[in-house]
Amino acid sequence: MTDTPAHPTDPFDAEALNAAEGLDPVNPAYAQVLRIATALNLIPLAIGASVFDALLIRHIGGPYGLITAAAWVIAAIVIVSFPSRRVSRWGYKIGEGQLRVARGWLFRTDTIVPFVRVQHIDVGQGPIERWFGLSHLIVHTSGTHNSTVTLPGLHADLAAAMRETIRRHIQTDFA
Amino acid sequence: MSDVAAARPATPATDFGDEPDWQRLHPATLALAIVKLGPRSLNFLPAVAALGFTGNWVYIVPAIGAFLLFSLLAAWFQWLRFRFLVGDDEVVIESGVFARQHRTIPFDRIQDVSIEQGLVSRALGIAKVGFETGAGGKENDASLDAIALDSAQALRTTIRAHRSGEAAAPVVADAPEAPPATEDRLLFAMGPRQLLIAGLFNFSLAALAVVGAGMQFFDGLLPFDFNVFDPRDWIDIAEDYGLDQWLLAHRWIAGVGAALSLIFIGFASGIATMFFANWGFRLTREPRALRRTRGLTTRTDVAVPVKRVQAAILVTGWFRQRFGWHELRLQSLASDGGKENDHQVVPFAKLDAIDPVLDEVAIRRPDAGQSWQRSHGIVALGGLIGAVGATIGGLVAVSFGQNLGWFGPALGLLIGAGSLFGARFHRWADLGEQVAIRRGAWKPKTTLLPHASVQSVDLKSDFILRPLGLATLVFGVPGGSSLGAHEIPAIPLAAALDLRTRILAARARS
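This structure is a prediction, so every number in the text was calculated from the model and none was measured.

Engineer: Requested: an account of the overall build of chain A, with residues and values cited.
Structural biologist: When its secondary structure is counted, chain A shows five helices and seven strands. Tracing chain A from N to C terminus, the helices and strands come up as α-β-α-α-β-β-β-β-α-β-β-α. In chain A, which comprises 175 residues, the proportion classed as buried is 30%. Counted over contacts in chain A with a minimum sequence separation of 6, partners at least 24 positions apart contribute 52%.

Engineer: Outline helix α14 (residues 407-423) of chain B, supporting the account with residue identities and numerical values.
Structural biologist: All names here are of chain B. Compared with the 24 Å implied by 1.5 Å per residue over 17 residues, the 24 Å span of α14 between its first and last C-alpha is a close match. Three or more residues of α14 are buried, namely Gly408, Gly412 and Ala423. Take α14 and look down its axis: the buried residues cluster within an arc of 35 degrees, on one side only. For α14, the exposed residues lying more than 90 degrees away from the buried face are Ala410 and Leu414. Summarising the contacts, the buried residues of α14 are in contact with α13 (381-399).

Engineer: Help me get a handle on the packing of helix α2 (residues 30-59) of chain A against helix α3 (residues 66-88) of chain A, residues and values and all.
Structural biologist: All names here are of chain A. It is the contact of α2 with α3, at a shortest axis distance of 9 Å, that shows an interaxial angle of 170 degrees. As judged from the angle between their axes, α2 and α3 are roughly antiparallel. Class assignment of the residues belonging to the contact of α2 with α3 gives a composition of 19 nonpolar, four polar and three charged.

Engineer: A description of helix α3 (residues 45-53) of chain B should follow, citing residues and the corresponding values.
Structural biologist: In terms of residue burial, α3 of chain B counts as a barely covered element, since only zero of its nine residues are buried. A positive backbone phi angle near 85 degrees is found at Gly55 of chain B, which sits one or two residues after α3 of chain B.

Engineer: Give me the interface of chain B and chain A: which residues, what numbers.
Structural biologist: With 22 residues of chain B at the interface, the matching set in chain A holds 20 residues. Put simply, the parts of the chain that give the side of chain B that touches chain A at least two residues each are β18 (456-462), β19 (470-476) and α15 (493-504) of chain B. Top contributing element to the side of chain B that touches chain A by residue count: β18 of chain B, with seven residues. Of the residues belonging to the side of chain B that touches chain A, the class tally is ten nonpolar, eight polar and four charged. Looking at chain direction, strand β4 (residues 107-114) of chain A and β18 of chain B are connected through six bridges and run antiparallel. In the strand pairing of β18 of chain B, Thr109 of chain A is matched with Lys460 of chain B.

Engineer: Describe unusual backbone geometry, with residues and values.
Structural biologist: Despite not being glycine, Asn146 of chain A has its phi angle at roughly 65 degrees, a positive value. Inspection of the secondary structure assignment puts Asn146 of chain A in the loop between β6 (134-141) and β7 (148-155). Phi at Ala362 of chain B is positive, roughly 55 degrees, even though this residue is not glycine.

Parameters and conventions
Residues numbered from 1 in each chain as written. Chains lettered and ligands numbered in written order. Predicted model: local features only at pLDDT ≥ 70, side-chain atom pairs only at ≥ 80, totals over all residues. Helix = DSSP H or I, 4+ residues; strand = E, 2+ residues; numbered from the N terminus. Buried ≥ 20, exposed ≤ 12 C-beta atoms within 10 Å, placed from the backbone. Contact = placed C-beta atoms within 7 Å. Expected span 1.5 Å × (residues − 1). Arc of directions from axis to C-beta. Axes fitted to C-alpha atoms, helices over the stretch in contact; angles between N-to-C directions. Parallel < 35°, antiparallel > 145°, perpendicular 65-115°, else oblique. Nonpolar A, V, L, I, M, F, W, Y, C, P; charged D, E, K, R; others polar. Pairing = 2+ DSSP bridges.

Structure, rendered in structure tokens:
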């Protein structure tokens, strides 16, 4: 954590954002994971919009093609440009007996979980993540708010190592 | 009855014989099932109505009979297939008619044993025993519904004795009725007089709304055609007594009558709810827990383990505050019944009566001289947006010719003013070992949160707070509602960072 006074940070520069708060960036490959996940969500929507356009708008004699074009353009923009930005705003820091996870820019949340308060830990890997050799770490606390804290975009080995680190701390503090 | 009376689990059951002594629920539970049929038969009403409308009147009585028979048979089967076993250090419950469920609960994992008695249960001398295990979700908690009251109390004593015996010598006392080492101390009790005062302050507009809505709804059904909220009805009444001429000249009398009845209903419902909920209120300190018994018809007996208490919440009202009346709730891992998330341990008392209770859970109340820090006025923004939304919505409705739409701007004005006013009451103070958060003008609420209860801290900022150099702190605390997380909204970033560091440095609450 830095004590430097708040200075204007370029919100579009991942390094600047994370460096200003003393955070490590997540694996850039996570952008690909997010991109594919977003595509899987949006392409069916775009197809749906096209079908709607073809069936209904043409039927009632509206301006055919407008909705289809807009849907695909928006989907393309969101799929191409948003994931890398979102990834650049994820940051984490492990150490000093605590895990720190920050995410988002418009609505930024910076969560700290002391290792002592961790109930149990999951390391998960979805099919897309497996493709890129990534994992996500889920930390469970007993708090009602933040009962799970998820940190995605970690190299599988790193996630396992973090899990071991946290687990060791849980054990040492249990006496 | 007799085998349930043998619920004293002190008898080492497994020594002789291979069949442990399984017990059943109290047979009177079946009587309870009949009572529960009442509300449930409402589901049956549409079917009866359908039969009636189609003219098949003859089938109604057989249909109802079949329904009753089937329900009773189901209840009986359930009773037959439900058995439980109190072992030396665990409770085993087997249930289910077709799909069997076998559940083992070690005494060590039972945080809290609650005993609840409804009106009918009290007449039958039975009680529902709930085991709070701290497992997530209400439906995960096991309960015995219902067993004889004395065996319920014996069961609880056994489990408590087991828990407090962990640290002590492992002598298994074979008399679970043996009183614990330190006797229970009475911390707080409410007599009828105090309940009456509390009830007067409990003036409830909510109940009024319900009564009003009910009167509107059942207007056509009531045997008498009278609506206390309608001044015209008062005029009608007056007519019967020949007062109408006089009344027409003095219309305000009718208004006063309506207002008086409103006030009367408000007070009466406040007093009634207070008496029903808190009759015979007693809060005692037991070796490990605070124990609360209360209730007029439904009597509940709940223990809050002191070490499980996560935070204390002091609630008051804008009016009762002037007289120094407060309510104390404790946020614990276990939740309090179905509706409340926090345990109400002092419903209505002056602060000097609350302090001893707070002492027991090692939470300190900020004194009058405490200097509070304020949240930024930007916290009113949410309310203001809501107000604008209501205004726009209302005006749109008006533009469509719906005159009721004028409620929108009026409501918006109220919401806006309320949120602007209320924003001034968001305050917080760090008391060293705990942080105090205060909010609300209409219903001031002070949360006393020990640093050690905090499991995680969120530092949130967004595109509005960031340019102002502000941040919101949200604390992850066990127990309580998942909707109402404890937070300090819109405080200077530096103060937020500093507070976060100090809170995270605290050691776990033992």
